[in-house]
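# Report on the structure
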Amino acid sequence: MSDKKALRVLFCMGINQNFFDAPREEQLQVWAAFSEMWNGIHDLPGVNVFGNMDDDQSMVGPSTGYPWTTYLLADVPDIETVHAACNLFRTTPVGEGTYKLWRYCKVEARTGRELIIQRA
């Protein structure tokens, strides 16, 4: 992946009320599904994850928008890969039931480019 062509993406993820309303066993299944999705983003071809940040200690309750619960910053080769990462929320199953991860959390991908500031 060429750094000049890579998209700089901030995946903003929010946990919603369905997670907080779920029984403990279901919450553990959501956490397992979230981990699968998280690793799935890391494993997409050409994705270079720089880091993440979790607001769970200073932000309590569901996240319907900013501030988000957690963030993941990565370079991604193209918009199709950004869409594939977001699609993991739609396709990752939670436990053995019929629900997918997006019942419990959401994602917004803020897509741009690296800002390069030249020294004078």
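Rules of the game
Residues numbered from 1 in each chain as written. Predicted model: local features only at pLDDT ≥ 70, side-chain atom pairs only at ≥ 80, totals over all residues. Heavy atoms only, no water. Helix = DSSP H or I, 4+ residues; strand = E, 2+ residues; numbered from the N terminus. Contact = heavy atoms within 4.5 Å. Patch = residues over 30% accessible without salt bridge, like charges linked within 9 Å, V, L, I, M, F, W, Y side chains within 5 Å. Areas by Shrake-Rupley, 256 points an atom, 1.4 Å probe, with all protein chains shown as cover. Salt bridge = Lys/Arg side-chain N within 4 Å of Asp/Glu carboxyl O. Buried < 20%, exposed > 50% of the residue type's maximum accessible area, 1.4 Å probe, protein only. Pairing = 2+ DSSP bridges. Axes fitted to C-alpha atoms, helices over the stretch in contact; angles between N-to-C directions. Phe/Tyr/Trp six-rings, centres within 6.5 Å; stacked < 30°, edge-to-face > 60°. Lys NZ or Arg CZ within 6 Å of the ring centre and 35° of its normal.

As recorded by an unreviewed UniProt entry, the protein chain carries the name IacB protein and is attributed to Metapseudomonas lalkuanensis.

### Some thoughts on the side chain of Asn16
Its location among the elements puts Asn16 in the loop between strand 1 (7-15) and helix 1 (17-21). Once you skip the residues sitting within four places of it in the chain, Asn16 turns out to touch Pro62, Trp102, Arg103, Tyr104 and Cys105.

### Side note on a nonpolar patch on the surface
On the surface, Leu10, Phe50 and Leu73 cluster together into a nonpolar patch covering about 230 Å² of accessible area. Position of Phe50 relative to the elements: it lies in strand 2 (residues 48-54). Using a relative accessible area of 45% as the deciding quantity, one classes Phe50 as partly exposed.

### Let's talk about the sheet that holds strand 4 (residues 105-112)
One open sheet holds the four strands; their spatial order is 2-3-1-4, and the pairing between them is antiparallel. Edge positions in the sheet fall to strand 2 and strand 4, since each has one partner strand and no second. Along the sheet, successive strands turn relative to each other by an average axial angle of 20°, direction set aside. Contacts between helix 3 (residues 79-91) and the sheet are confined to strand 1, strand 3 (70-76) and strand 4, with strand 4 contributing the most and set at about 170° to the helix.

### Some thoughts on the packing of aromatic side chains
Any aromatic ring pair is given by two values, namely how distant the centres are and how the planes are angled relative to each other. Scanning all chains against the criterion turns up four aromatic pairs. Three or more aromatic residues joined by ring pairs make a cluster, and in this case those are Trp31, Phe34 and Trp38. Across the ring face of Tyr99, the terminal group of Arg103 is positioned such that the distance to the ring centre comes to 3.8 Å.

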